[in-house]
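A structural walkthrough
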Amino acid sequence: MVLDGLDGSGKSTQFELLRENLEQRGHAVFPISFPDYAEPSSALVKMYLSGEFGTDANSVNAYAASSFYAVDRFASYKKFWQKEYEAGGTILAARYATSNAIHQMSKLPEAEWDGYLAWLEDYEYRLLELPKPDLVVFLDMPPGVSQKLLSTRYGGDESRRDIHEMNEAYLCACRKAALYAAGKCGWEVLPCSKGESPRPIGEIQNDILNLTNRM
């Protein structure tokens with residue numbers, strides 16, 4: 001299962017709550033999160049996000065940036081959780097191949113989105129042989145709301161944001177791409193705001209748990 005969403009959507013909080021709830025229900029949960037910044041496999045991702053290839057997200061094209069993230073996932077799978085997956089364990093991911101559809105597809109003209117999604121699925125799930133998730137939940141937090149949460153996260157220090165987080169127009173484009181991908185790929189879209197305010201954390205978690213019950 002994958003929880004995904006834009007920066008500031010509450011993924012980390014909901015991920016931990018879901019892990020605890022699934023374990024309480026008797027599931028042997030193996031949690032994974034991407035990018036895996038503690039591992040060397042994330043080196044290109046870190047260089048990209050810190051602006052070493054250009055201070056704008058569009059400085060690196062969709063396919064190159066997607067490859068940075070995909071390699072990190074491949075290394076994580078082979079080193080840490082392939083055995084658990086093949087043994088039938090419950091793999092819970094915060095971001096996954098789905099994040100490429102959200103963050104990288106928006107760099108392309110909309111006429112190329114279907115082609116990109118076909119390429120992404122073939123690349124990550126067939127060629128790299130990464131497991132395809134049974135359930136993807138997109139936490140839909142509009143950038144206008146998430147920007148306030150990001151400012152709180154960093155204590156008002158805007159310099160701590162990466163090149164994705166600091167660009168609201170880019171995040172708006174990512175949300176459009178995410179909702180398109182959700183419709184094409186069968187993701188569940190979970191609204192996380194009411195008007196200009198985020199929904200209560202517990203209310204969102206209950207909705208996620210209801211979705212997991214359908215698996």
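Now for a quick tour of the structure. Bear in mind the structure is a predicted one, so any value in this text is a computation, not a measurement. (Residues numbered from 1 in each chain as written. Predicted model: local features only at pLDDT ≥ 70, side-chain atom pairs only at ≥ 80, totals over all residues. Heavy atoms only, no water.)

1. Details of the overall build of the protein chain
Under the convention used in this document: Only runs of H or I of at least four residues qualify as helices and only runs of E of at least two qualify as strands under DSSP, and these elements are numbered from the N terminus. Only C-alpha atoms enter the radius of gyration, while the globule expectation follows 2.2 Å times N to the 0.38, with N the number of residues. Only protein chains enter the accessibility calculation, which uses a 1.4 Å probe; a residue is then buried when its area is under 20% of its type maximum, exposed when over 50%, and partly exposed in between. Whether two residues touch is decided by their heavy atoms; if any such pair falls within 4.5 Å, the residues are in contact. Using the Shrake-Rupley algorithm and a 1.4 Å probe, accessible areas are obtained, with residue cover drawn only from the displayed protein chains. Residues counted as positive are Lys and Arg, residues counted as negative are Asp and Glu, and His and the chain ends are not counted. In this description, the location of a charge corresponds to atom NZ of lysine, CZ of arginine, CG of aspartate or CD of glutamate.
When its secondary structure is counted, the protein chain shows 8 helices and 7 strands. Scaling as 2.2 N^0.38, a compact globule of 215 residues should have a C-alpha radius of gyration of about 17 Å, and the protein chain matches this with 17 Å. By principal-axis analysis of the C-alpha atoms, the protein chain measures approximately 45 × 40 × 35 Å. Within the protein chain, buried positions represent 50% of all 215 residues. Pairs at least 24 apart in sequence give 75% of the contacts found in the protein chain among residues at least 6 apart. Total accessible area on the protein chain is roughly 10,200 Å²; 52% of this is exposed by carbon and sulfur atoms. One way to put it: in the protein chain the 22 positive side-chain charges average out to a point 2 Å from where the 30 negative ones average out.

2. Here we look at unusual backbone geometry
A cis amide bond, omega -5 degrees, links F34 with the succeeding residue P35. Summarising the element assignment, P35 is placed in the loop between β2 (29-33) and α2 (43-49). At R95, a residue that is not glycine, the phi angle is positive and equals roughly 70 degrees. In this fold, R95 is placed in the loop between β3 (90-94) and α4 (98-103). At E129, a residue that is not glycine, the phi angle is positive and equals roughly 60 degrees. Structurally, E129 can be placed in the loop between α5 (113-127) and β4 (136-140).

3. Focus on the environment of P40
Mapped onto the fold, P40 is located in the loop between β2 and α2. For P40 and V189, which are 149 residues apart along the polypeptide, the C-alpha to C-alpha distance reads 32 Å.

4. A short note on the pattern of salt bridges
The condition is simple: What makes a salt bridge here is a side-chain nitrogen of Lys or Arg within 4 Å of a carboxyl oxygen of Asp or Glu, nothing more.
By the definition in use, this model includes 13 salt bridges. In this structure, R175 engages D140 in a salt bridge whose closest nitrogen and oxygen atoms are separated by 2.7 Å. One end of the pair, R175, is in helix α7 (residues 168-185); the other, D140, is in strand β4, with 35 residues separating them in the sequence. The network of salt bridges with common partners includes K194, R199, E203 and D207.

5. Some details on the packing of helix α1 (residues 11-24) against helix α8 (residues 201-212)
Here is the rule: Whenever a helix is involved, its axis is fitted only over the stretch in contact; in every case the axis is a line through C-alpha atoms, and angles between N-to-C directions fall within 0 to 180 degrees. Orientation categories follow fixed angle ranges, with anything under 35 degrees roughly parallel, anything over 145 roughly antiparallel, 65 to 115 roughly perpendicular, and all other angles oblique. For any helix crossing, the convention is left-handed if the near helix is rotated counterclockwise from the far helix by under a right angle, and right-handed if that rotation is clockwise.
Interaxial distance between α1 and α8 falls to 10 Å at its minimum, and their mutual angle equals 55 degrees. With respect to α8, the axis of α1 lies oblique. When you trace α1 past α8, the crossing you get is right-handed. Contacts between α1 and α8 involve T13, Q14, L17, L18 and N21 on the former and, on the latter, I201, I204, Q205, I208, L209 and T212.

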